[in-house]
Amino acid sequence: MRGGRYILRVNALLGSSGKLAWRQLLTALYSSAAAEAKNSTSQSPTLEILGQSYPTDTHTNTTPTILSKLSRNLHLQPSHPLNTLKRRIESHFSTFTHLDNLNPVVTTTQNFDDLLFEPSHPGRSKTDTYYINSSHVLRTHTSAHQSDVLRNGKSNGYLLTADVYRRDEIDVSHYPVFHQMEGIRIFPRSNLSAEISSDLSTLTSSAPSPTSITDIPTSDTNPIQSVHTKSEADLVTKHLKTSLESMVKSLFRDETLQIRWIEAYFPFTSPSWEMEILYQDKWLEILGCGVVQQQILDSTGHADKVGWAFGLGLERIAMVLFDIPDIRLFWSEDKRFLSQFREGEVTTFKPFSKYPACYKDISFWCPAEKEGEKWHDNDFAEIVRDVAGDLAENVRLIDQFTHPKKGTVSRCFRINYRSMERTVTNEEIDRIQDEVRRISAEKLGVTLR
Ligand code: PHE
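No experiment lies behind these values; they were computed from the predicted model shown.

Another point: the nonpolar core. Of all hydrophobic cores here, the largest spans 66 residues; its most connected members are I89 and L244. Here this core gets 7 residues from one element, more than from any other, and that element is helix α8 (residues 230-252). Contacts of I89, omitting those with residues within four sequence positions, involve L159, M181, M247, L251, L312 and L314.

A few words on the packing of aromatic side chains. Inspection of the entire model under this criterion finds 18 aromatic pairs. Taking the centre distance of 5.6 Å and the plane angle of 35° together, the rings of F93 and F310 count as tilted. Taken together, the positions of F93 in the loop between α4 (81-92) and β3 (97-99) and F310 in strand β13 (residues 305-313) put the pair 217 residues apart, joining distant regions of the chain. Accessibility assignment for this pair places F93 and F310 in one class, buried. Taken together, the ring pairs in this structure connect F322, F337, F341, F349 and F352 into an aromatic cluster. Here the basic side chain of K69 rests over the ring of W331, its NZ or CZ set 5.6 Å away from the ring centre.

Roughly 70 Å³ of internal volume is contained in the largest cavity. Listing elements by their share of the lining of the largest cavity, those giving two or more residues are α3 (64-67) and α12 (377-388). A total of 3 residues in the lining of the largest cavity trace back to one element, the largest contributor, which is α12.

When the UniProt feature table is mapped onto this chain numbering, "domain: FDX-ACB" (unreviewed entry) sits at residues 353-449. Secondary structure content for residues 353-449 is 32% helix and 31% strand, and the end C-alpha separation is 36 Å.

Basis of the calculations
In every chain, residue numbers begin from 1 and rise along the written sequence. Under the rules for a predicted model, residues below a pLDDT of 70 receive no local features and side-chain atom pairs below 80 are neither given nor counted, while totals for whole chains, interfaces and linings still include all residues. The side-chain numbers reported here are obtained from all heavy atoms of the structure, hydrogens and water having been left aside. Residues belong to a common nonpolar core when they are buried Ala, Val, Leu, Ile, Met, Phe, Trp, Tyr or Cys residues joined through side-chain atoms within 4.5 Å. Exposure categories follow from relative accessible area, calculated using a 1.4 Å probe and restricted to protein chains: below 20% of the type maximum is buried, above 50% is exposed, and the middle band is partly exposed. Under the DSSP-based scheme used, a helix requires at least four consecutive residues in state H or I and a strand at least two consecutive residues in state E, with every element numbered from the N terminus. By the convention used here, residues are in contact when the closest approach between their heavy atoms is within 4.5 Å. Two aromatic rings from Phe, Tyr or Trp, using only the six-membered ring of Trp, form a pair when their centres are within 6.5 Å; if the ring planes differ by under 30 degrees the pair is stacked, by over 60 it is edge-to-face, and anything between is tilted. Counted as over-ring charges are cases with an Arg CZ or a Lys NZ within 6 Å of the ring centre that also lie within 35 degrees of the ring normal. Here a cavity denotes grid points, spaced 1 Å and computed from the protein atoms alone, that fit a 1.4 Å probe unable to get out, and a pocket denotes an open set having protein on both sides within 12 Å along at least 5 of 7 lines; residues with an atom within 4 Å of a point are the lining. Grid points are joined across faces, edges and corners, and a volume is the space filled by probe spheres set on the points. UniProt positions are given in the numbering used here, feature names are shortened, and annotations may be inferred rather than shown by experiment.

Structure, rendered in structure tokens:
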């Protein structure tokens, strides 16, 4: 599941006197990277991230744009919608230990291995994940901290909030940085039934408003772990689902809210589910959860416990609650956005006019696929993000075909440019588009058409 820090303010630089400086910087960065790539040596030998130095290697794929987000910490900014939402969720899990300040640079062990990701899991690929180097990544989810928290903490419940990073497509609900909250709750196996039923009685009595909930039973494709009895798994599941339903009800306070549970798969939980809410006639996934794999509890010193975990996307929920139409707005430093919100209050966002969009198409022949060098649309999206910053609203593949004789593949993307804060000029976008074309040819080896 999915679901947002500038040392370098991309928009401001593009829109004002910094325009050239920013583009020159990028050009310089890319041409030196490309020149170095050709010489088959790596880029800059080290990266400085939050005061720590990391050696780069052939896995490194973080860009200056993405690294500039690490210091923003939107979830910690008082009166920011993400902070208000975080605090509401924290107040719902008031007995849990709350954490919100963990380093976004984690090892591949923390992000994947500790969570039992198979070596071939697609989440590990360089097209999906930002690698600092072959052993360190920008966390792709808050679950990366599960094992450490369980190993080092003394609490039976944790709620942790953090910015997470994923290479992804570009549209109004996807941004390469977003925020998640992870909840973990563990129970002593020996006293499970008593602890859960006492907790549930307080939860159900304080839950507001009737809401329609559709549930599904566990099934063969979503199995109970063989080390758990059916009754253990059922009790933990009941506690998990009731806690989350009650949290969502209290956030929305809407009698007509419709919730449904669907089956899911995560390497670190079984059974697993996703919760969806009906929003504007569509089911919107807001969180993933499940019964923690016993192996994780065993290896973190909790062999005598069972537990649940969930991870939710804050932007997704905030977009619904505050009526925020575009995920880029969370990053806006425009007063017309920020001044609309008060600390701790959920209010409806009033759009300050929608500025006109400007779209440009780009077509190219993709390079022939070699072993280990598969084309991926995310690599192209990353170039658009890096050149255009938050001016890129949407990137969509509009046409693709294979040459009947040569077998080469042509792709055409439509890039929608729009500023949240001002009207962009056609000349400005033309220059950006030229840069996207040039860098795509240089970095991805495409042949422009
Ligand atoms: N980490 C998962 C994700 O980002 C969500 C999740 C958390 C699922 C905890 C189960 C338990 O997709």
